[in-house]
Amino acid sequence: MGNIFDLKDFSTSKIKSILDMAQFFCDGGITPTFSKKVACNLFFEPSTRTQYSFQVAQEKLGMKTITFSPFSSSLKKNESFYDTVKTFDSFGTDLLVIRHSKNEYYKALDEKISTPIINGGDGTGNHPTQSLLDLLTIQQEFGQLEDLSVVIVGDIAHSRVAHTNFDIMNRVGMHVYTSGPIEYSDSSMNFIPFSQILPECDVVMMLRMQYERHFQHHEFNPVEYNQKYGINHKSIAQMKSAAIIMHPGPVNRSVEILDDFVECKQSRIFKQINNGIFVRMAAIKYVLSGGIDDSFN
Amino acid sequence: MGNIFDLKDFSTSKIKSILDMAQFFCDGGITPTFSKKVACNLFFEPSTRTQYSFQVAQEKLGMKTITFSPFSSSLKKNESFYDTVKTFDSFGTDLLVIRHSKNEYYKALDEKISTPIINGGDGTGNHPTQSLLDLLTIQQEFGQLEDLSVVIVGDIAHSRVAHTNFDIMNRVGMHVYTSGPIEYSDSSMNFIPFSQILPECDVVMMLRMQYERHFQHHEFNPVEYNQKYGINHKSIAQMKSAAIIMHPGPVNRSVEILDDFVECKQSRIFKQINNGIFVRMAAIKYVLSGGIDDSFN
Amino acid sequence: MGNIFDLKDFSTSKIKSILDMAQFFCDGGITPTFSKKVACNLFFEPSTRTQYSFQVAQEKLGMKTITFSPFSSSLKKNESFYDTVKTFDSFGTDLLVIRHSKNEYYKALDEKISTPIINGGDGTGNHPTQSLLDLLTIQQEFGQLEDLSVVIVGDIAHSRVAHTNFDIMNRVGMHVYTSGPIEYSDSSMNFIPFSQILPECDVVMMLRMQYERHFQHHEFNPVEYNQKYGINHKSIAQMKSAAIIMHPGPVNRSVEILDDFVECKQSRIFKQINNGIFVRMAAIKYVLSGGIDDSFN
């Protein structure tokens, strides 16, 4: 089946073929459109860039789209996650894109759902299309992925972006480090002090401090956080001249990145959003082609 | 006008022609598409399967769709139900699908609204497309409707599914019984104890216990309810071997139906959802054809 | 750039060419469709008629549409207005329609956002497409705009409709008066007692009392308001025989207009809503043509 749950299920050569297809779309490439196909976007958590960029990608491919709204659905009558997804599966549409707060929610769906699924983010687990757009952005910048150094900075422990990227970036031959507050670190993920690794990196990837997931940390001090682990005048000066700044968004301005630097010349933050469209078009094309390389290429 | 408010307004021959059209769509039949037409879905109550299956049906017919969201509309400025519908009517689109909590809300709209309307459920009154999909599912299973026995079980008094089905199933020649807790019964609807009628029936149609409509019944005991009026090992064993289980959804798992039996071999619950697409395509085609049999067939 | 922020930026000849295009659509005119184009509707305030009529207009032009839902977006993670709009801009779609409670919100976007924008209403400031549909409705009724007299009645100070209409109606040669409670008046806007000006006017334009913007006025008495400043048997009798009643909606029935008169023969309230579709189609066509008259005509 052509699901995309977790990039760990994909060989690096398959990932590279998806990136090639995304670059083809980025270059204005056209493709037979899927004008008879219907996509359903089921976001059980709030989202702006992932949710709507999937919808734009579907529309650019000619698909019809359905946007599930949890607030006016039968979830209000206590219908379960599984039964909601199974209902959409029973409609017989062509694609489900799902985001849910539960890690690996898709394990309960596999084998039971026949409609192809793309994971739009599961809890603190995976966010495969985010990683693909990160890779595309880096490849466009440097012409390669191999041998580049990247540091992922912030709340590593709770970040699906960090988990997915750490694995796939290592597999494509990048040197991957993580940094940030020690209390949010993961010792298995090449943790290193920020000031030590920053001058070595080609890519500085900031993560969002997810207040909504652990707002109990009353002692959190944004100014101090930015000084220690954020992008500011001092850290910008320490970066390699060709290094780029990335962030999956939404940015907490003045926390991870000082306001003035969000759109600075090193920033690729809005370029990432633009690449999200092309990567999602490629992911959808992959899934609708049944995940078979031959028909995909 | 080609409205569908209440199946009581339709002869059995007209209903059978809608079912034939639905079966045509189910068999992969194609139809001139309505690609210039716009449908507006106005659900003033939460809904998953009805709301989104109307939207999928519209998209499969090539229509454009508008989904009204009560939460971000002028209802927040106290605009009335009538003025909201009249606003959409004034847009000059081609179809309104409406669900509202008020019984027979459409009586205040008839004559005043010129856009064709399909009723997506009114209070405890009618739910015509649900009945049509129930009939289609039964007909597919048994090759006929006449002479089959069905028991509708649960909160009969508050169920629009029960009211609509009781009438139309009798009219197409089925033997229709109702059962469940005596306090939710309707003496005009052939009420009979569950254990007595269960072994006689071809179709066992469970209704959802609508907690959100009468949550004041603190004494409600789900385990006891299931033992007395629900699908469980004992009741499954009492059913005819060829009998099927239906439910309009969402199922309260372990209340109306024990968890393990929701997807058992006798269950047609997700088949019903799938048939909902084809029945709604047929209903829309009927309404857009002005309700005239000649142009419909 | 082809933005529409404020009608003050437009010459009367340009406004008249947009009205001509709207009339062309109203008369059933067709146009090359924008079937590869995607529109994003970003309404940060509740709306029924503006939001959905933009969507209908886009669909009638063949565009794909995206409806941003603030309630399930990253606004829940404190993403700012600017970053939300910049995210949609980065998607690379073809049109943004924006409503926001902040006056002149678009001043912070100009130069930073490359996607064309149509203002769907900013705070108490502007509502350009509402004014265009008002002008179209008046022109259809009287065959001209010049020399007609209009009184705008109600909460002048807080009304974007009043501000935008006062300017443009004067510029196209109408005699424009404002009236209503003195505490909501604006002395720069030709304020005059209602009973004095009413018999002179061709157009009586009622404004909505915006309870949600200043509900602190506990002393507000709807019956008294209607008697003094509203449409009722007495004021209808004082109107010119050919005069028409307009209202941007939603109407507070029995406040600005007695219930029975909302759909009376002088009322063009639902005609205005219908014209909103054609005016928005014309505005979109203008913007997508880059705002250049030559390609527009």
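Everything here concerns the structure above.
Please read all numbers here as calculations on a predicted model, not as lab measurements.

Chemist: I'm lost on the overall build of chain A in this one. Help?
Modeler: In terms of regular secondary structure, chain A is built from 10 helices and eight strands. For 297 residues, the compact-globule estimate of 2.2 N^0.38 gives 19 Å, and chain A sits close to it at 19 Å. Each principal axis of the C-alpha atoms in chain A carries an extent, and together these give about 55 × 45 × 35 Å. With 297 residues in all, chain A has 63% of them scored as buried. Contacts in chain A between residues far apart in sequence, at least 24 positions, make up 73% of those at least 6 positions apart. For chain A, the exposed area adds up to about 10,800 Å²; of that, 51% sits on carbon and sulfur atoms. Each charge class in chain A can be summarised by its mean position, and for the 28 positive and 33 negative side chains these summaries are 5 Å apart.

Chemist: I keep staring at the relation of the copies chain B and chain A and nothing clicks. Help me out?
Modeler: Superposition of the two copies of the chain requires a rotation about an axis and a shift along the axis. Its rotation angle being 120°, the transformation that places chain B on chain A also includes 0.0 Å of axial translation and leaves an RMSD of 0.0 Å. Both copies of the chain, as the preceding transformation shows, are related through a three-fold rotation axis. Of all interface residues in chain B, a mere 4% are interface residues in chain A too; the two copies therefore contact each other through different surfaces.

Chemist: Where do I start with helix α4 (residues 128–142) of chain A in this structure?
Modeler: Residues and elements named next belong to chain A. Its 15 residues place the ends of α4 21 Å apart at the C-alpha level, agreeing with the 21 Å of an ideal helix rising 1.5 Å per residue. Burial analysis of α4 places 11 of its 15 residues in the buried class, the great majority of the element. By the burial criterion, the buried members of α4 are Pro128, Thr129, Gln130, Ser131, Leu132, Leu133, Asp134, Leu135, Leu136, Thr137 and Ile138. In the stretch just after α4, Gly143 is the one whose phi turns positive, near 75°.

Chemist: Help me understand the pattern of salt bridges, please; the structure alone is not making it clear to me.
Modeler: A pair can form between side chains of opposite charge whenever their charged atoms are brought close. If you walk through the whole model with that rule in mind, you get 42 salt bridges over all chains. Of the charged contacts in the structure, one is a salt bridge between A:Arg160 and A:Glu45, with a shortest N-O distance of 3.5 Å. Highlighted residues: A:Arg160 in helix α5 (residues 160–171) and A:Glu45 in the loop between β1 (38–43) and α2 (49–60), separated in sequence by 115 residues. For the residue pair A:Arg160 and A:Glu45, the accessibility class agrees, reading buried in each case. In this structure, B:Lys228 engages B:Glu224 in a salt bridge whose closest nitrogen and oxygen atoms are separated by 3.6 Å. With a gap of four residues between them, B:Lys228 and B:Glu224 both fall in helix α7 (residues 222–229), about one helical turn apart. Residue B:Glu224 is classed as partly exposed on the basis of its relative accessible area, which comes to 40%. Sharing partners across several salt bridges, the network here consists of A:Asp83, A:Lys86, A:Asp89, A:Lys112, B:Arg253, B:Asp259 and B:Glu263.

Chemist: What is the right way to look at the relation of the copies chain C and chain A in this model?
Modeler: Mapping chain C onto chain A leaves a residual RMSD of 0.0 Å; the transformation is a rotation of 120° accompanied by 0.0 Å of translation along its axis. Looking at the interface residues of chain C, only 4% of them are also at the interface in chain A, so each copy uses its own face.

Chemist: Honestly, the interface of chain C and chain A in this entry has me stumped. Any pointers?
Modeler: It is common to give the size of an interface as the accessible area that goes away when the parts come together. Across the contact, 24 residues belong to chain C and 26 residues belong to chain A. Interface area, chain C with chain A, both sides summed: about 2,300 Å², of which 55% is carbon and sulfur. Of all residues in chain C, C:Ser72, C:Lys77 and C:Phe91 give up the largest surface area on contact with chain A, accounting jointly for 29% of the area buried on that side. Counting across the interface, chain C meets chain A through four salt bridges. Across the pair A:Glu263 and C:Lys86 runs a salt bridge, and its minimum N-O distance is 3.9 Å. Scanning the region where chain C abuts chain A turns up six residue pairs in polar contact (both at pLDDT 80 or more).

Chemist: What's the story with the packing of aromatic side chains in this structure? I'm lost.
Modeler: Between two aromatic rings, the relevant description is the distance of the centres plus the angle of the planes. Taken as a whole and judged by the stated rule, the model has 39 aromatic pairs over all chains. Seen in terms of ring centroids, A:Tyr52 and C:Phe68 are 5.7 Å apart; in terms of plane orientation they differ by 55°. Their pairing is tilted. Of the two residues, A:Tyr52 sits in helix α2 while C:Phe68 sits in strand β2 (residues 64–68), which places them in two different chains. C:Phe68 shares its class with A:Tyr52; the two are buried. Taken together, a centroid distance of 5.6 Å and an interplanar angle of 80° make the contact between A:Phe68 and A:Phe88 edge-to-face. Of this pair, A:Phe68 sits in strand β2 (residues 64–68) while A:Phe88 is found in helix α3 (residues 81–90), placing the two residues 20 residues apart along the sequence. On the accessibility criterion, A:Phe68 (2% relative accessible area) is buried. Taken together, the ring pairs connect A:Phe5, A:Phe44, A:Phe68, A:Phe81, A:Phe88, A:Phe91, A:Tyr105, A:Tyr106 and B:Tyr52 into an aromatic cluster.

Chemist: Help me out: how do you make sense of unusual backbone geometry in this one?
Modeler: Among all residues except glycine, the phi angle is most often negative; among peptide bonds, the trans geometry is most common. Note the cis peptide between B:Gly249 and B:Pro250, where omega equals -10°. Within the secondary structure, B:Pro250 is located in the loop between β8 (244–246) and α9 (269–288). Positive phi is not limited to glycine here, since C:Asp147 has a value of about 70°. Among the secondary structure elements, C:Asp147 is positioned in the loop between α4 (128–142) and β5 (149–153). Overall, the relative accessible area of 56% leaves C:Asp147 in the exposed class.

Chemist: Honestly, the nonpolar core in this entry has me stumped. Any pointers?
Modeler: Most often, soluble globular proteins have nonpolar side chains that are buried together. Of all hydrophobic cores here, the largest spans 101 residues; its most connected members are A:Ile98 and B:Met174. Considering each element in turn, this core owes the most residues, 13 residues, to α9(B). Residues within four places of B:Met174 in sequence aside, it is in contact with B:Leu135, B:Ile138, B:Leu145, B:Asp147, B:Leu148, B:Val150 and B:Met169.

Quick notes on the rules
- Residues numbered from 1 in each chain as written.
- Chains lettered and ligands numbered in written order.
- Predicted model: local features only at pLDDT ≥ 70, side-chain atom pairs only at ≥ 80, totals over all residues.
- Heavy atoms only, no water.
- Helix = DSSP H or I, 4+ residues; strand = E, 2+ residues; numbered from the N terminus.
- Rg over C-alpha atoms; globule rule 2.2 N^0.38 Å.
- Buried < 20%, exposed > 50% of the residue type's maximum accessible area, 1.4 Å probe, protein only.
- Contact = heavy atoms within 4.5 Å.
- Areas by Shrake-Rupley, 256 points an atom, 1.4 Å probe, with all protein chains shown as cover.
- Lys, Arg positive; Asp, Glu negative; His and termini not counted.
- Charge placed at Lys NZ, Arg CZ, Asp CG, Glu CD.
- Least-squares fit on C-alpha atoms with pLDDT ≥ 70 in both.
- Expected span 1.5 Å × (residues − 1).
- Salt bridge = Lys/Arg side-chain N within 4 Å of Asp/Glu carboxyl O.
- Buried area = accessible area lost by both parts, 1.4 Å probe.
- Polar contact = N/O pair within 3.5 Å; in protein donor to acceptor, adjacent residues only side chain to side chain.
- Phe/Tyr/Trp six-rings, centres within 6.5 Å; stacked < 30°, edge-to-face > 60°.
- Core = buried A, V, L, I, M, F, W, Y, C linked by side-chain atoms within 4.5 Å.

On their own, these measurements won't tell you what the molecule is for.
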